[in-house]
Amino acid sequence: MGAQTDRVVVPAREGRAVRVGAGASVRVVDLDGGQVGDVFAFNAADPTEFHSAGYTRARNSRLFPAIGEKFVTNRRRSILTLVADGSPGRHDMLIPACDPARYAELGVPDHPSCAANLRAALAERGITLAEVPQPINVFMDIPVTPEAGLEWLPSPSRPGDAITFRAEMDCVLVVSACPQDLVAINTGEITPLAIDLLPED
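Residues numbered from 1 in each chain as written. Predicted model: local features only at pLDDT ≥ 70, side-chain atom pairs only at ≥ 80, totals over all residues. Heavy atoms only, no water.

**Q** Even after reading the chapter, I still don't get the sheet that holds strand 6 (residues 78-85), so can you show me in this structure?
**A** What holds strands together in a sheet is hydrogen bonding between their backbones, with the strands either parallel or antiparallel. On the basis of which strands lie adjacent, the open sheet formed by 6 strands has the order 1-10-3-8-6-5 and antiparallel pairing. The sheet terminates laterally at strand 1 (6-10) and strand 5 (70-72), the two strands that pair on one side only. The sheet shows a mean angle of 25° between the axes of neighbouring strands, direction not considered. Bridging between strand 5 and strand 6 involves 3 bridges; their strand directions are antiparallel. Paired with Phe71 across the two strands is Leu80, which belongs to strand 6. (Pairing = 2+ DSSP bridges. Helix = DSSP H or I, 4+ residues; strand = E, 2+ residues; numbered from the N terminus. Axes fitted to C-alpha atoms, helices over the stretch in contact; angles between N-to-C directions.)

See the structure below:
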């Protein structure tokens, strides 16, 4: 009998944090389909080092993630590698996490947000952030038009679709089931995600 996968369910509109050791793999699962997740990664020993979308784009010369590519930190060190993708492969690294200011602009200042979810999930581990990093927006489809505009399309992920990362350093990974329901990036109701901590081979 094989080792058991440990699963953490991320409730709709909330965030959860897990610790992932270097060399271990973690899978983010869209349980019901059509749900965007904001993924953040921090050096477990020093949370002032975290995944940087900008430095990752520069390292890989790509706007969006592809299998085999590494995600790097604000110190340009590898923190994650994308090792498998069982979804349509649409993941964004252009759009920042939704936050109270974004929802205030949309007329709902008390709306849940990925930035608040991140802070709450890390606070449970005694970690306070000076700034909210730009996330890896898994299952989020934001194509760039020929005129250099951005389109906000509904997530194309299906029930059970998943994306798997390998940790390149001991890290704290946070996943937020994005509560955005005013811009059509999520399909229908906001739904849960899952974080699977995978057994080592």
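**Q** Please clarify how a nonpolar patch on the surface should be interpreted in this entry.
**A** A surface patch of nonpolar side chains, amounting to about 330 Å² of accessible area, comprises Leu63, Val144, Leu150 and Trp152. One can find Leu63 in the loop between helix 1 (53-60) and strand 5. Among the residues examined, Leu63 registers a relative accessible area of 40% and is labelled partly exposed. (Patch = residues over 30% accessible without salt bridge, like charges linked within 9 Å, V, L, I, M, F, W, Y side chains within 5 Å. Areas by Shrake-Rupley, 256 points an atom, 1.4 Å probe, with all protein chains shown as cover. Salt bridge = Lys/Arg side-chain N within 4 Å of Asp/Glu carboxyl O. Buried < 20%, exposed > 50% of the residue type's maximum accessible area, 1.4 Å probe, protein only.)

**Q** Explain the packing of aromatic side chains here, please?
**A** Centre distance and the angle of the planes are the two values used to describe a pair of aromatic rings. Tallied over the full model, the rule gives 2 aromatic pairs. Ring plane angle 70° and centroid distance 5.6 Å describe the contact between Phe71 and Phe165, whose orientation is recorded as edge-to-face. Here Phe165 lies in strand 8 (residues 162-167) and Phe71 lies in strand 5, a separation of 94 residues in the sequence. Each member of the pair, Phe71 together with Phe165, is buried. Over the aromatic face of Trp152 sits the side chain of Arg102, whose NZ or CZ is 5.8 Å from the ring centroid. (Phe/Tyr/Trp six-rings, centres within 6.5 Å; stacked < 30°, edge-to-face > 60°. Lys NZ or Arg CZ within 6 Å of the ring centre and 35° of its normal.)

**Q** Just to check I follow, could you spell out helix 3 (residues 114-123) for this structure?
**A** Counting along an α-helix, one turn takes 3.6 residues, and residues three or four places apart therefore face a common direction. Buried within helix 3 are the following residues: Cys114, Ala115, Asn117, Leu118, Ala121 and Leu122. Along the axis of helix 3, the buried positions cluster into a sector of 160°, meaning they face one direction only. Packing partners of the buried residues in helix 3 comprise strand 2 (15-20), strand 4 (37-43) and strand 9 (171-177). (Arc of directions from axis to C-beta. Contact = heavy atoms within 4.5 Å.)

**Q** Sorry, what's going on with the pattern of salt bridges here?
**A** Between side chains of opposite charge, pairing is possible as soon as their charged atoms come close. Within the structure shown, the criterion is met by 13 salt bridges. Of the charged contacts in the structure, one is a salt bridge between Arg27 and Asp196, with a shortest N-O distance of 2.9 Å. With Arg27 in strand 3 (residues 25-30) and Asp196 in strand 10 (residues 193-197), this pair connects stretches of sequence that are 169 residues apart. Its relative accessible area of 26% is what places Arg27 among the partly exposed residues. Ionic pairing is found between Asp141 and Arg90, a salt bridge with its closest N-O pair at 2.8 Å. One end of the pair, Asp141, is in the loop between strand 7 (136-138) and strand 8; the other, Arg90, is in the loop between strand 6 and helix 2 (100-105), with 51 residues separating them in the sequence. Taking the relative accessible area as the measure of exposure, Asp141 reaches 10% and is therefore buried. By relative accessible area, which is 31% here, Arg90 ends up partly exposed. Each of the salt bridges in this network shares a partner with another, and the network as a whole consists of Asp46, Glu49, Arg75 and Arg77.

**Q** Before we go on, may I ask you to explain the pairing of strand 3 in this structure?
**A** Side-chain positions along a regular strand alternate between the two faces of the sheet. Most of strand 3 sits out of view: 5 of its 6 residues are buried. As judged from the 5 bridges shared by strand 3 and strand 8, these two strands associate in the antiparallel manner. What sits directly across from Ser25, in strand 8, is Arg166. Pairing geometry for strand 3 and strand 10, over 5 bridges, is antiparallel.

**Q** Could you clarify how one ought to interpret the environment of Gly33 in this entry?
**A** Looking at the secondary structure, you find Gly33 in the loop between strand 3 and strand 4. Using a relative accessible area of 13% as the deciding quantity, one classes Gly33 as buried. Separated by 96 residues in the primary sequence, Gly33 and Leu129 place their C-alpha atoms 30 Å from one another. Leaving out residues up to four positions away in the same chain, Gly33 has contacts with Ser157, Arg158, Pro159 and Thr191.

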